[in-house]
Structures are given as structure tokens and as C-alpha cells.
Amino acid sequence: MRMDGMLGSAGTVNQHVNMTPLLHGNLRVCCMMGETDQLSGSQARGTASFGTPFPGVPRGGRSALARGRPVPVASAWGPRRNEAVQCVVPFLTRPKVPVLQLDSGNYLFSTSAICRYFFLLSGWEQDDLTNQWLEWEATELQPALSTALYCLVVQGKKGEDVLGPVRRALMHIDHSLSRRSSPFLAGETESLADIVLWGALYPLLQDPSYLPEELGALHSWFQTLSSQEPCQRAAETVLKRQGVLALRPYLQKQPQPSSLEGRVVSNEPEEEELATLSEEEIAVAVAAWEKGLESLPPLRPQQNPVLPVAGERNVLITSALPYVNNVPHLGNIIGCVLSADVFARYSRLRQWNTLYLCGTDEYGTATETKALEEGLTPQEICDKYHIIHADIYRWFNISFDFFGRTTTPQQTKITQDIFQRLLARGFVLQDTVEQLRCERCARFLADRFVEGVCPFCGYEEARGDQCDKCGKLINAVELKKPQCKVCRSCPVVRSSRHLFLDLPKLGARVEEWLERTLPGSDWTPNARFITRSWLRDGLKPRCITRDLKWGTPVPLEGFEDKVFYVWFDATIGYLSITANYTDQWEKWWKNPEQVNLYQFMAKDNVPFHGIVFPSSALGAEDNYTLVSHLIATEYLNYEDGKFSKSRGVGVFGDMAQDTGIPADIWRFYLLYIRPEGQDSAFSWTDMLFKNNSELLNNLGNFINRAGMFVSKFFGGFVPEMVLTSDDQRLLTHVTLELQHYHQLLEKVRIRDALRSILTISRHGNQYIQVNEPWKRIRGGEADRQRAGTVTGLAVNIAALLSVMLQPYMPTVSATIQAQLQLPRPACSILPTSFLCTLPAGHQIGTVSPLFQKLENDQIESLKQRFSGGQLEESLALKAKASPRTAAGPTAAGPQQVQALTEEVAKQGDTVRELKAQKADESRIAAEVARLLDLKKQLALAEGKPLGAPKGKKRK
């Protein structure tokens, strides 16, 4: 192995090894410091000395790293200052550093790839967030930073000319640091991501004028890393006190960044991009355009029920089954049902044979808990919330083929059959489990009846089955400071006999299945990472029974008083819901040869869909269809925090309907910020901006103008079109953007595909603006003909956009198609090329605006309305710091105080009735706890100290 361009210095850093890569335009130098194993003079010729880059490697650790040891040779940067040495990789024609030659003869050119390689050799365990940052750095930050440094160092530009290309990237880093409230990119300590990004940014941001003051989190992060001795030493080694000018000899030899080319002759990069198209591409696009509707395939006949068809692409889509015990918030909606709906609608536009299923997950602890809270039976809770869920998804225009539920005879039958097959094949174990039992409630506490401190990350509200913060699965007895969620008493540990799925025995089958499935599939990176980490850490037997009454009964002697754990049978709910849709359900679920299964969920559900259910299905040996493409999102946060129904923080599904904002606007914004690569956050201010800029001013403006020109200038009939070479280039570019849209959605990159729609719309707006048909229509015959061509081409682009929009904004899509009177085949099929679907002479309907402007005061009012919990937390802190008397200023509005007063009175009546009826003590305790919580909220709203509840005297 040899390395060019890797500089460093020897030094001991208290057992802690730092790797600090520096990006210099296209040059990046990696300085590695730690306990050193000095290279010999011959090995180090042409380089500075550098130390062992592997954390934890002892002095003189040659033998352990024999294959992975980088041996530097002549570098593109000489040993004296920055003396250039022309040493290149054999197949390159210009200097390129850094480069690492592996023993295999292959080369690594990216510092992030080289650093990742060394870190992996050192035993570093990859984590999803770090990998996402490294991918972002390579694809987003690098191009922008190369442009900025070229402007600064080679062209001598300053100010906004330099900062402009990287401003968005810097804002992204700042926003991510602020939202996570952690000092570093991937957590509380430095990671590989911090090292790579700091090294990339240092040459530019060392000049304070390029580190905007308003980006406080970025500023703090950068200063923290820059102040560390290893980073300072690395900067000194590379820049030699010359600052960014040390990079000039290298950057002058590099080609001008593509984003700068042509700027002096054109202010329209789109026109420049069109000019680079090949004649063949243009000819193919024009030929497709001219064929028009004739080239569309016949519409697929409607089936009821939808069943797989031999020889066709059969797509089965499921969305994670939402718990029936609460109302879904925006994060739940984008994480599963809405994302799956976009793909289902797209699949139908492609004429794929598509079935989209979902339903409410109704068994388990969560339902029993909610039933206790509301004084209803579990079945009554399920009935109530199933309707609430269905209504919400109906309002959001989710196109389920069937929306079912898991409390059905089919669920019992299929679950018990899979269990019996697993039992018969030796994949079920019995063992005694230590469980938490609440003596006050006189019951074993299932996972969700327990809350405490996570033993892994210290999160104080971890559930008894999983920590929402770090995502690790937990056994309830592992929780620190556990509490019964019903009565808040401290439970004790007792023994109970349970059944376990023998995952270790099934592990080899799962790994073999994944080896066949993952290559070529569209599993998201986080789904792959989480699944592999489970296998890497070693599978363990997983308990599949619970001490509950509300669930699928266990058909085994001695376990009649138990039910199946919800995460054993919840995923079987997909099968039973299909069985409620059609008695031919096995054609979908026992047909892996003909069915492509796409499953959508948030990342916390990945282990159960990627490991637990496949293990059950493989162990049952009944030819079950397993997931082909597992699509997992990250988390959507609300403004600067989390959604919380109890604290009134965030927008929940039933509330969105009352905002006056149409469902399609909600769909658009949630899909625009869909957390595909990393967590994202809902922001009212950003929603206003995206609506007014992207929808109103871009998309809506273009489609409205195109239709209005047809109505106003041509009597509502599409005019004749005589395409010029410029028009042909435009329709070719639209075709290529359409094909890019297809490529993205076929890979289920939903958020990115939405950008393609907006890009085409921007091209359309620019096309109209440059050609000015409103002026040409008043000119001579040639000008009027040109106005007709521009209008005809524009309205056909609008027609295409209406179909591309259908998966994202179905109501808006249908409105556009009605206004343009688009022929039915063109509405139902999305081709791979831009076709003329509105030929000359086609009559359109009445055109009207599609979107309304969102006003600042409207959004500010909604922002305040949905941030109630933040107000309560603020009041609680103030009350704790300096208690006020009842005569002090009112902390909340009179409406909130009145509403809480009524709730306290109502809850008080409920508690008195239960006591009068001598109801179960655990139920009374739950209602009393709720009453006390409401009284606390009321005290805060009234500005009263928490220590003096209303009606009580201080002692």
C-alpha cells in the first residue's frame, strides 16, 4: 500500500488519536496524529513523517497492521514548504491528491473514503448518521466548496462571490447542529464526520468573514474543533502560515469548476445546459413528442379485487400499521402512509399491477393503557380510533386499496398457524423471565406500562421495550428508576414463564435471504445499516408472549392466560388485512416469485420488518413473500422539538383539517421536507416560504399563465406549434428531467423526485419570460405564430406537470387536468418521454388560480396555537425559579385557562363516580393521576406556583 499527499507530524495525544483531513478545493490533505511508529527515511522520502493513524494501536504495532499500513511515496506536495513534485497515478494526466493505493492495486482518491478506510481498520463501528454526513459532504458540500475556493484563490474574488456558493451548505450544518442540540454532528463526541467536514471547511472558514455570525451553532462547532491541538497542528503542517493562499499552486492546475463556466456570457444556466445536448438526444425527444397520445399503451383493466397477474410487474405496498391508541401526527403521516401513497400512485401511473394496504394495529399494551385512561374497553378504544385514523387518511387523500384492522378472526388464524409451524420445527423456546410487577395495580406490567431511564443513553422517558432516543431495544427490567405508567409507583421484579422465537437458530436463513435480496434492491441506507447491525451484534432469542388479555391468544397448553407480543403478530397484520380484503390473499403473500413487496416505515420499525418477521416467515417454511424493498425514513421533528399530544406541541392529523390549509399543501410540504437521509423538522415559517415561492410563484404561476394565454389569445383552443431548434432543445430537456423523475421514483427517492417537477416548472416560466408571447401576439404574422408555438408548448408542459404531480398533490393534479380538459389516457399514464398530449385545436376549459398565498399573520397565529407545550415548560421553569403569587400576571390566555378548568371539573366528576362505584383500584389510580396532571397544567396556566394547588393550604 502506498499513499500520495498524506502529510502529518509525530506526537502523542494522551492515547487519543485524531485524523484531521483538510480540503483545499480539489486537494485534501489528511494529517494523522497519535502515538507514533516512525517510518524509516527511505519510506518517508518526499513526505513529512506521519504517525500511526489507528486509534488504540500500541507503539510498534507493525504486525497487526501489516496489510493495512500506508507507505507514503513521492507526494504531490514536497517536504519543503509546498514545493510541487509531479507525481501522478499512472492513468491520470494531472496532479491529484490525496491518493491511497491499496494492495489490490486500486486507488482511493477521496479523503473521506481514505479516512473511513483507516477508521474501519482501527475497529470503528460505522453509524448511520456519520455515513449520511459523509455522503452529504461528498455530493453537496464538495462541489460548492470547490467553487468558492476557486473564486477566492484563483480568481481573487471576495465577499458574496465566495460565500454565495457555500451559504446553503453552511446553513444546513448550522440547522442540523441547532436541531440536535449536541455539540458535534453525530452526537456528544467528535466523530469521523466532524473530522472530515472540519478539514473540508477550514481553509475557507479560517477567515472569520466567511463564517456568518448568525450561524451560531456552526460557529461554536468550528471554533471547538479549531481550538484542539491536533487540528491546529494539522493546519500548520499544511498551510504553513500562508493561509488559503498556500493552495494556489495546486488550484491553478485544476480545471475551472463547472458551476463557474459560462457565467460571463449567460445568466441562464438552463439555456447553457440545453446547448450541451447531443443531436441524437434531441432527435429522439422530438420523435416521441410528435407521436403524441398514439404512443401511450392501453389502460389496464380495473380489477376487484386486485390480484397478481403472471407476466406483469405485481407491486404489493404496505405502510407500517399505525397504533390505534392515538392520533397520528405529521411525522407519523410522512413516515409511512403518505410516503407509501406517493409510490402507490406512481406505480399505478406506470401501469404496474398495484395493491396498497394498511390498517390499524389494535392489539397490545398500548390499547389497554389507552382504555384505562379513557374509561373504555379495549374494543371500544379500537372502534373509536380506527374511525379517527380512517377519517384523517381520507382527508389527506391516501389512496389505500384497503384499510383494515388487526382485531379480526383472520389475524388469529394466520398468526396461530405461523406459530404452530414454528413450534413444530423447533424454533420456539420456553424460559422463565423476570418481569416488573406493580403490586399496587396487582398485575405484571407489559413493556408499555413501564417507563424509566434508558440504560444505554440515559434518556429519562424510555419505554419498557425500546428507547425513542437511541433506538435500542430494552428489556423492561433493565430500565433505571422504573415507574408504573398507571399509578406511578415503583414496580418490583417477579418471575413469569414465556415463549421465545429462537432467532439465533434462524440467523443463517435470514443472512442467506438478505444476501440474495439486498444486491440490486432499493432498501434505504438506514434500513440496510440497522438490519446489518442486528446481525453483526448477534441475534438473541426474542420473547413473543406477554401477560395481557388484549391480544391474539397463544394456542399452547400452559399459556392460555397469555397473548402474543404485538411485535410478533403486528407484522402478520399485513397478511390478515389482505385476507379481509380477499380470500385469495395467498396469491400475494405466498408468491415471492411474482410479487415485489415494498414496505414503508420509520427507522424504528426496521428490526421487526427486516429481521423478526422474515425470521418467522422463513422458519414457518410456507413460501411466504418477503420484503423486496424496505423503505425507512428518519424522524420528522416539530420546529425545535418533538411532537407531543399531551403538551399540545405540534400538528396532529385531526388538527391539520382545522387550519384552513388544503390537504394538498400539507402533502406537498411534508414531502418536500421528507426525512430521507437524516432527520428533518417541520417549520411554519418554511412552510409559508415554500408555499409562496415554489407553489404560488413557480408552479402555480407557470400553469396559470400557460392556460390563460390559450384562453385569452387563442379563444381557448391550443394553437399550431412550429418548433424551432430552441423549442426542440427545451422539450428534450423536459424529457430528460422527466426521465430523471422516473429514475428517482423507481428508487423511491420521493423527495428528490419532487424537485424535478419544480425544475420543469422553472424552465417553463423562463421559457415564457424570454419569449414574451403577450407581446408577440400583437406583432406581425411571424410573431403571432411564435406566440402560438410558445403558448402551445407551455400548455403541454403544464399538462405533463399535472400528471407528474398526481402522486404528490392529487387534488391539484385533477384540478389542472379538468381545466385543461386533458384526455383520460393522458391523465392515467405517465410516459417516459414528453409527449404532445394537447395537439393544435384541442379546447381547454376555464382556467383559474391553483394556490393561495399564506400570510405572515395567519402562519404566526397557527405557530402560536400549536406550541402550547413550550409555553407550559417555560412557565414551569419560571415557577420553579421564582414562585409567584396568585395575584401575579396571568401566564396563559383566558381561553386556555377556561378549557383547563372545565377539564379539571370533568375529570374530578369521573374520579368521584369511580370511587362511588368502588371500581378497580388501578383504574381509579390512573384517573387520579390524570386529574393531578390536569390540575398542574391549570396551575401553570394561571401563573400559580406548583407547590400550592388550588384549594390547598401550605403547611
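Everything numeric here is computed off the predicted structure, so don't read it as measured data.

1. Considerations on the overall build of the protein chain
Phase 1 of the analysis: When its secondary structure is counted, the protein chain shows 32 helices and 22 strands.
Phase 2 of the analysis: Of the contacts formed within the protein chain by residues at least 6 apart in sequence, a portion of 76% connects residues at least 24 apart.

2. Concerning the packing of helix α4 (residues 192–205) against helix α5 (residues 216–226)
Phase 1 of the analysis: The geometry of α4 relative to α5 is characterised by a closest axis approach of 10 Å and an angle of 95° between their N-to-C directions. The angle between α4 and α5 falls in the class roughly perpendicular. Residue-level inspection shows D194, L197, W198, L201, Y202 and L205 of α4 in contact with α5, the latter providing W221, F222, L225 and S226.
Phase 2 of the analysis: When grouped by side-chain class, the residues that make up the contact of α4 with α5 number eight nonpolar, one polar and one charged.

3. Things to note about the confidence of the model for the protein chain
Low pLDDT means the predicted coordinates in that region are not meant to be read closely.
Phase 1 of the analysis: For the protein chain, the average pLDDT comes to 80, and 79% of its residues sit at 70 or higher.
Phase 2 of the analysis: When the criterion is pLDDT under 50, residues 260–275 qualifies, and its contacts beyond four places in sequence or with other chains add up to 15 contacts.
Phase 3 of the analysis: Note on residues 869–892: pLDDT under 50 across the span, and 31 contacts to partners over four residues away in sequence or across chains.

4. A word on the nonpolar core
Phase 1 of the analysis: By size, the foremost hydrophobic cluster in this structure holds 173 residues, and its most contacted members are W666, W684, Y741 and Y808.
Phase 2 of the analysis: The biggest single contributor to this core is helix α10 (residues 330–349), with 12 residues.
Phase 3 of the analysis: Setting aside residues no more than four positions away along its own chain, Y741 makes contact with Y346, A753, S756, I757, M804, P807, Y808 and L830.
Phase 4 of the analysis: L134, A144, F184 and A193 belong to the second largest nonpolar core, which has 51 residues in total.

5. Here's the deal with the pairing of strand β20 (residues 629–633)
Phase 1 of the analysis: Here β20 lies mainly inside the structure; five of its five residues are buried.
Phase 2 of the analysis: Here strand β19 (residues 595–602) runs beside β20; their pairing, made up of five bridges, is parallel. Paired with A602 across the two strands is T633, which belongs to β20.
Phase 3 of the analysis: For the crossover that starts at β19, traverses helix α19 (residues 606–620) and ends in the parallel β20, the hand is right-handed.

6. Digging into the packing of helix α22 (residues 684–714) against helix α26 (residues 781–804)
Phase 1 of the analysis: The geometry of α22 relative to α26 is characterised by a closest axis approach of 9 Å and an angle of 135° between their N-to-C directions. Between α22 and α26, the angle falls in the class oblique. Judged by the sense of rotation from one axis to the other, the crossing of α22 with α26 is left-handed. Here L699, F702, I703, A706, G707, F709, V710 and F714 of α22 lie close against α26, whose contacting residues are A787, G788, T791, A794, V795, I797, A798 and L801.
Phase 2 of the analysis: Of the residues assigned to the contact of α22 with α26, the class counts are 13 nonpolar, three polar and no charged.

7. As for the sheet that holds β19
Phase 1 of the analysis: As summarised here, the arrangement of the five strands in space is β9-β8-β7-β19-β20, forming an open sheet in which the pairing is parallel. Of all the strands in the sheet, the pair left with one neighbour each is β9 (402–405) and β20. With direction set aside, neighbouring strand axes in the sheet form an average angle of 20°.

8. As for helix α11 (residues 365–374)
Phase 1 of the analysis: Among the 10 residues that make up α11, eight are buried, leaving the element largely enclosed by the rest of the structure.
Phase 2 of the analysis: Of the residues making up α11, those classed as buried are T365, A366, T367, E368, T369, K370, A371 and L372.

9. Here's the deal with the environment of D679
Phase 1 of the analysis: For D679, the location among the structural elements is in the loop between α21 (663–672) and β22 (680–682).
Phase 2 of the analysis: On the basis of relative accessible area, D679 is assigned to the buried category, the value being 19%.
Phase 3 of the analysis: Here the alpha-carbon distance between D679 and N637, two residues 42 residues apart in the chain, equals 7.3 Å.
Phase 4 of the analysis: Within the structure, D679 has its side chain in polar contact with the backbone nitrogen of Y635 (distance 3.0 Å).

10. Section: the packing of aromatic side chains
Phase 1 of the analysis: The tally for this structure, following the rule as stated, stands at 29 aromatic pairs.
Phase 2 of the analysis: A centroid spacing of 5.0 Å and a plane angle of 25° characterise the contact between F400 and F403, whose relative ring orientation is stacked.
Phase 3 of the analysis: Among the aromatic residues, ring-to-ring pairing joins F343, Y346, W352, Y598, F600 and Y741 into one connected group.
Phase 4 of the analysis: Against the face of Y565 rests R546, its NZ or CZ located 3.8 Å from the ring centre.

11. Looking at the sheet that holds strand β16 (residues 542–543)
Hydrogen bonds between backbone atoms are what pair the strands of a sheet, whose relative direction is either parallel or antiparallel.
Phase 1 of the analysis: An order of β11-β10-β15-β16 is seen for the four strands of this open sheet, with the pairing classed as antiparallel. At either margin of the open sheet sits one strand with a lone partner, and together these are β11 (443–444) and β16.
Phase 2 of the analysis: Direction of pairing for strand β15 (residues 492–501) relative to β16: antiparallel, over a ladder of two bridges. Pairing of L501 across the sheet is with R542, part of β16.

12. Re the pattern of salt bridges
Phase 1 of the analysis: With the rule as written, the count across this model stands at 37 salt bridges.
Phase 2 of the analysis: With a closest N to O distance of 2.5 Å, K690 and D686 form a salt bridge. Of this pair, K690 and D686 both sit in helix α22, four residues apart, which is roughly one turn of the helix.
Phase 3 of the analysis: Take K690: its relative accessible area is 10%, and that puts it in the buried class.
Phase 4 of the analysis: Members of the salt-bridge network, linked through shared partners, are K370, E373, E374 and K384.

13. A look at helix α14 (residues 503–517)
Phase 1 of the analysis: At R509, α14 is bent by approximately 25°, the largest bend along its length.
Phase 2 of the analysis: Looking only at α14, the buried set comprises L503, L506, G507, V510, W513, L514 and T517.
Phase 3 of the analysis: Residues of α14 that are buried sit in contact with β15, α15 (525–537), β16 and α19.

14. What to know about the environment of R786
Phase 1 of the analysis: Tracing the chain through its elements places R786 in helix α26.
Phase 2 of the analysis: Relative accessible area serves as the criterion here: at 13%, R786 is assigned to the buried category.
Phase 3 of the analysis: Along the sequence, R786 and E720 sit 66 residues apart, while their C-alpha atoms lie 9.5 Å from each other.
Phase 4 of the analysis: In this structure the side chain of R786 is engaged in a polar contact, spanning 3.1 Å, whose partner is the side chain of N771.

How each quantity is defined
- Residues numbered from 1 in each chain as written.
- Predicted model: local features only at pLDDT ≥ 70, side-chain atom pairs only at ≥ 80, totals over all residues.
- Heavy atoms only, no water.
- Helix = DSSP H or I, 4+ residues; strand = E, 2+ residues; numbered from the N terminus.
- Contact = heavy atoms within 4.5 Å.
- Axes fitted to C-alpha atoms, helices over the stretch in contact; angles between N-to-C directions.
- Parallel < 35°, antiparallel > 145°, perpendicular 65-115°, else oblique.
- Nonpolar A, V, L, I, M, F, W, Y, C, P; charged D, E, K, R; others polar.
- pLDDT = per-residue confidence, 0-100.
- Core = buried A, V, L, I, M, F, W, Y, C linked by side-chain atoms within 4.5 Å.
- Buried < 20%, exposed > 50% of the residue type's maximum accessible area, 1.4 Å probe, protein only.
- Pairing = 2+ DSSP bridges.
- Right-handed = clockwise from strand over helix to strand, strands pointing away.
- Left-handed = near helix turned anticlockwise from the far one by under 90°.
- Polar contact = N/O pair within 3.5 Å; in protein donor to acceptor, adjacent residues only side chain to side chain.
- Phe/Tyr/Trp six-rings, centres within 6.5 Å; stacked < 30°, edge-to-face > 60°.
- Lys NZ or Arg CZ within 6 Å of the ring centre and 35° of its normal.
- Salt bridge = Lys/Arg side-chain N within 4 Å of Asp/Glu carboxyl O.
- Bend = angle between axes of the 7 residues up to and from the residue.

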